[in-house]
Amino acid sequence: MPEQIQPFYTVHSDHCSLVLDCRSSGSNHDRHGPAILYWGPRLGAETTPEMLALMATRQEAQACMPEEAPIALSPELGAGFQGNAGIQFHRDGRQWASYSKIDSVTEDQNGALKIVSICLASEIKVTHRLALDKHSDVLTTTTELTNIGSQCLWVDQCNAPTIPVPMHYNKILGFAGRWGNEFQRQPVDRFMGTYLRENRSGRSSHDAFPGVILHTEQTNEGAGAAYGLHLGWSGNHQIRVEEQFVGRAYAQMGELFFPGELSLEPNQSYCSPTLYGVSSENGLSALSQSFHRYIRAKFRNSSRAEKPRPVHFNTWEAMYFDLSLERLCSLADKAAAVGAERFVLDDGWFKNRRSDSAGLGDWFVDKSIFPQGLSPLIDYVQAKGMEFGLWVEPEMVNPDSDLYRAHPDWILSAETGLGEVPLLLARNQLVLDLTRPEVQEYLFKCIDGLLSQNAISYLKWDMNRAVSQPGGTSQPGGTSQPSGAGGRAVPHYQTLALYQLLARIRDAHPTVEIESCASGGGRADLGILSHTDRIWTSDTNDALDRLRIQNGFSLFFPAEIMGAHVGPKDCHITGRSINMAMRAGVALFGHMGIEANLLTMEESEKAELTAGVALHKQHRQLIHRGDLVRLESAANENSFGMISGDREQGLFSYALLDSHANSAPGRLRFCGLNPEAQYKINIVWPLKPSSISKSILDVIDGAVISGDALANSGVQLPIMLPQSLLIFYLQKH
Ligand code: GLA
């Protein structure tokens, strides 16, 4: 006997509640699909869903539909929804108007809900899954669409469940960016109409990170209400926030399909990527803390989680393609001496890869550089006490490669066989069709071979071009590619095939860590993070750029995931010259690394770098486990803290990016500590902090100050040079 459907379902986590409206009929409520009635701070036992429903009573407005179609989890065209329907499909132009009725609701022992709705008219079944994680308060939710008809169903959209947005959350914080400048906050005032971000790059992209924050006028870093939404998907996506003229707003995220990309044969299903959501009452700090807590609990393989994140040395900006065993060994000497714990050999090590114009696809060690393979280098690196990591870019092929010469048909293209569509190269490379089983097999064998024959503990998995012509090459069967798909767009299947390949490699080599890189932070999302351990945040190692990038990145991802390297003094990407105190002080708040030529670096810089690495290691546990406290900062400043869970200690960073308008700066407020405790305050970075005249720097070190004074009164900052920072360590006294 199926359980009777209740009108409402309420799920609680430690600090949040989610109430689902599942009334399927009633005099005033001829509701069809399920809808979110409430998502926000945890409701007390005295609050009933009926109260919420009563308070939500709306009325007919002039020249409007007498009854508004609800903002259901998947708002439907058959219900007259005039916004963007959550699921959109047809059968040769027919059966597009779905009007689903709830068929069953089940709740598992953790309170996760599964709601099945059926539309007999369009012959579809829609399954919504929703769960609130108890400790992090993160909402996870998906929409699954099943074809229960007897003919093919063409699917144009199947978004993750739609989130009604309270009208007073009238600010949209989206993200813009480009190569070398990812995760840039893009604030927009919500307006009547649609805020839409679309990504067709075949990866989560540099310019349209799949996340959006909706908040009130009053919300800031430390206070106020906000929803944070993220789509865990590494392919194409759309983000939509619409304020309807009827005075309602909603947010929707889902995959973005190319024409004809998705069709479902009878009984086939498609499930949307997972939407991860946080409802915060305490500003962006609490919002990011929730995401971080969730990621730490759910996304890190426990054996890796136990291990401190090793400090990297990466060869890219030190050597580029100009590799030699001798220089690599010399670099390994220097890297070990400054404190690196993992040596990562970047691009250029494989057959004929002397520049970015050849070699991709031929994943065999170049004998002209490494006549005896990688072992001599790996042995050397290990003898220095470091692990060894290797760069790969498996999804790609250069036309100038043995692989392409042997298999020119293994690539994605817009080819139809009827007329010419030019093949577009980017960085001299093409994209392999991972949906072909033989391509998967080839790549698995290459990587498995490298990992089996060499002591490699880490892969930097790169992806250096957009998938701009994502037409498949006709081989159905390897993944869930629909049959007869020759020439059809395959970004969805390509992304699944990538996940499958990564999963297979991880199964075969469970201790090998993988970094997700796509020309920097072009593939940063919780889809790829299910298969990887670190994200390369950006190709720019310019510390000033990094502060802004890390600020955006850290809204969603915790510090231990965030690759952050100390680059050369003159930044290769911006040309800006930045001293070591600033470079190291910025990188040490992530998964730290070094990416500069240590063979030419001045001794004094190296000594400072060594101290920076040591400081990172000393506080690594706090940085990689603590709570990020976001602080209000003026446009020419950047400040934040990392506080231990027990509030016993904190590390705060204050950076001055550009000159102050006033002759002396303001105060830094150390929020988030225990107001009742006393803390000893020390400036731990730079090594010799100084100012133009006698200042607070001369009196603050070692002072004991109460948590409430630190937060509410704050410490006067010294007069600092632009492009400099101070790091304070506070320990309970
Ligand atoms: C991309 C990465 C860089 C580096 C190069 C190598 O640009 O983001 O870090 O690995 O490729 O070609």
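This text follows the structure it describes.
### Section: the packing of helix H5 (residues 325–338) against helix H13 (residues 603–625)
Running from N to C, H5 and H13 cross one another at 55°; their axes reach a closest spacing of 8 Å. On the basis of their axis angle, the class for H5 and H13 is oblique. Counting all contacts with H5, which are made through Lys-334, Ala-337 and Val-338, the residues of H13 involved are Lys-606, Leu-609, Thr-610 and Val-613.

### Describing the environment of Glu-441
Here Glu-441 is to be found in helix H8 (residues 437–453). Here Glu-441 falls in the partly exposed class, since its relative accessible area comes to 31%. Spatially, the C-alpha atom of Glu-441 lies 8.8 Å from that of Leu-501, the residues being 60 residues apart in sequence.

### Details of unusual backbone geometry
Each neighbour pair has its own omega, and for Trp-685 with Pro-686 the value is 5°, a cis peptide bond. Within the secondary structure, Pro-686 sits in the loop between strand E35 (678–685) and helix H14 (697–700). Even without being a glycine, Gln-95 presents a positive backbone phi close to 55°. Its relative accessible area of 25% is what places Gln-95 among the partly exposed residues. Even without glycine at this site, Glu-123 takes up a positive phi of about 55°. Residue position: Glu-123 is located in the loop between strand E6 (113–119) and strand E7 (124–132).

### Describing the sheet that holds strand E2 (residues 16–21)
Backbone hydrogen bonds hold the strands of a sheet together, and the pairing may be parallel or antiparallel. The strand order across the open sheet formed by 3 strands is E1-E2-E3, and the pairing between neighbours is antiparallel. Every other strand in the sheet has two partners, leaving strand E1 (8–12) and strand E3 (35–41) as the edge strands with one partner each. The sheet shows a mean angle of 15° between the axes of neighbouring strands, direction not considered. Here E1 runs beside E2; their pairing, made up of 5 bridges, is antiparallel. Across the sheet, Tyr-9 pairs through a bridge with Leu-20, a residue of E2.

### Digging into the pairing of E6
Taking burial as the measure, the 7 residues of E6 include 5 buried ones, the bulk of the element. Bridge analysis of strand E5 (residues 101–107) against E6 gives 6 bridges, and the strand direction is antiparallel. Within the sheet, the bridge partner assigned to Ser-104 lies in E6 and is Val-116. Turn length for the E5-E6 hairpin, with the two strands adjacent in sequence and antiparallel, is 5 residues, and the turn residue Gly-111 shows positive phi of about 85°. The sheet contact formed by E6 and E7 spans 7 bridges and is antiparallel. Paired with Ser-117 across the two strands is Val-126, which belongs to E7.

### A look at the nonpolar core
In summary, soluble globular proteins display a tendency toward joint burial of nonpolar side chains. In terms of nonpolar packing, the biggest core is built from 149 residues, with Leu-20, Leu-214, Phe-343, Leu-345, Trp-349 and Trp-363 touching the most fellow members. Residue contributions to this core peak at 8 residues, all from H8. Contact partners of Trp-349, with chain neighbours within four places excluded, come to Leu-323, Trp-363, Phe-364, Val-365, Asp-366, Phe-370, Leu-390, Trp-391, Val-392 and Leu-450. One finds Val-138, Phe-209, Ile-535 and Phe-553 within the second-largest nonpolar core, a separate group that totals 26 residues.

### Focus: the site of the ligand
Contacts to the ligand come from 13 residues, most closely from Asp-346, Asp-347, Arg-427, Lys-460 and Asp-539. Within the side chain of Asp-346, an N or O atom sits 2.6 Å from an oxygen atom of the ligand. One of the side-chain N or O atoms of Asp-462 is found 2.9 Å from an oxygen atom in the ligand.

### Some words on the environment of Glu-515
The topology assignment puts Glu-515 in strand E27 (residues 513–516). For Glu-515, a relative accessible area of 2% puts it in the buried group. The spacing of Glu-515 and Pro-408 is 107 residues in sequence and 28 Å in space, taken between C-alpha atoms. Among all residues touching Glu-515, those that are not within four sequence positions of it are Tyr-458, Leu-459, Lys-460, Trp-461, Thr-532, Arg-534, Ile-535 and Trp-536. Within the structure, the side chain of Glu-515 is placed 2.6 Å from the side chain of Arg-534, a separation counted as a polar contact.

### Things to note about the pattern of salt bridges
Going through the model one piece at a time under the given rule, you end up with 42 salt bridges. One salt bridge in this structure joins Asp-21 and Arg-23, with 2.7 Å as the shortest N-O distance. The exposure class of Asp-21 is buried, given its relative accessible area of 2%. Taking relative accessible area as the criterion, Arg-23 reaches 12% and is therefore assigned buried. Here Glu-441 ties to Arg-504 by a salt bridge, and the two come within 3.1 Å at their closest N and O atoms.

### Considering empty space enclosed by the protein
Following the criterion strictly, the structure yields 5 cavities of 30 Å³ or more and no others. The space that makes up the largest cavity amounts to roughly 70 Å³. In this structure, the largest cavity is lined by Gly-202, Ser-234, Glu-395, Met-396, Val-431, Leu-434, Met-463, Val-467, Gln-494, Thr-495, Leu-498 and Arg-523. At 3 residues, helix H9 (residues 491–508) tops the list of elements feeding residues into the lining of the largest cavity. Taken together, the residues that form the lining of the largest cavity break down as 6 nonpolar, 4 polar and 2 charged.

### Things to note about the packing of aromatic side chains
For the structure on display, the rule yields 28 aromatic pairs. With a centroid separation of 5.2 Å and an interplanar angle of 80°, the aromatic rings of Phe-670 and Phe-728 are classed as edge-to-face. In this pair, Phe-670 is assigned in the loop between strand E34 (667–668) and E35 and Phe-728 in strand E38 (residues 724–732), connecting sequence segments 58 residues apart. Of the two residues, Phe-670 and Phe-728, neither departs from the other in class, the shared state being buried. An aromatic cluster is present here, built from Phe-175, Phe-183, Phe-209, Phe-291, Phe-553, Phe-556 and Phe-557 joined pairwise through their rings. We note Arg-504 situated over the ring of Phe-444; from NZ or CZ to the ring centre the distance is 3.8 Å. Seen from the ring of Trp-536, Arg-546 lies directly overhead, with NZ or CZ sitting 4.8 Å from the centre.

### So, the sheet that holds strand E30 (residues 591–594)
Here 8 strands make up a closed barrel; going around it, the order is E21-E22-E23-E26-E27-E28-E29-E30 and the pairing parallel. Going across the sheet, the axis of each strand differs from the next one's by a mean of 30°, ignoring polarity. Pairing between strand E29 (residues 562–566) and E30: 4 bridges, direction parallel. The residue of E30 that forms the bridge with Ala-564 is Met-592. Across the sheet, helix H11 (residues 543–553) lies against strand E28 (534–536) and E29, angled at about 170° from E29, the strand it touches most.

Reading the values: the criteria
- Residues numbered from 1 in each chain as written.
- Predicted model: local features only at pLDDT ≥ 70, side-chain atom pairs only at ≥ 80, totals over all residues.
- Heavy atoms only, no water.
- Axes fitted to C-alpha atoms, helices over the stretch in contact; angles between N-to-C directions.
- Helix = DSSP H or I, 4+ residues; strand = E, 2+ residues; numbered from the N terminus.
- Parallel < 35°, antiparallel > 145°, perpendicular 65-115°, else oblique.
- Contact = heavy atoms within 4.5 Å.
- Buried < 20%, exposed > 50% of the residue type's maximum accessible area, 1.4 Å probe, protein only.
- Pairing = 2+ DSSP bridges.
- Core = buried A, V, L, I, M, F, W, Y, C linked by side-chain atoms within 4.5 Å.
- Near = heavy atom within 4 Å.
- Polar contact = N/O pair within 3.5 Å; in protein donor to acceptor, adjacent residues only side chain to side chain.
- Salt bridge = Lys/Arg side-chain N within 4 Å of Asp/Glu carboxyl O.
- 1 Å grid on protein atoms, 1.4 Å probe; cavity = no way out; pocket = protein on both sides within 12 Å on 5 of 7 lines; lining within 4 Å.
- Points joined across faces, edges and corners; volume = space filled by probe spheres on them.
- Nonpolar A, V, L, I, M, F, W, Y, C, P; charged D, E, K, R; others polar.
- Phe/Tyr/Trp six-rings, centres within 6.5 Å; stacked < 30°, edge-to-face > 60°.
- Lys NZ or Arg CZ within 6 Å of the ring centre and 35° of its normal.

In short, geometric facts, not functional conclusions.
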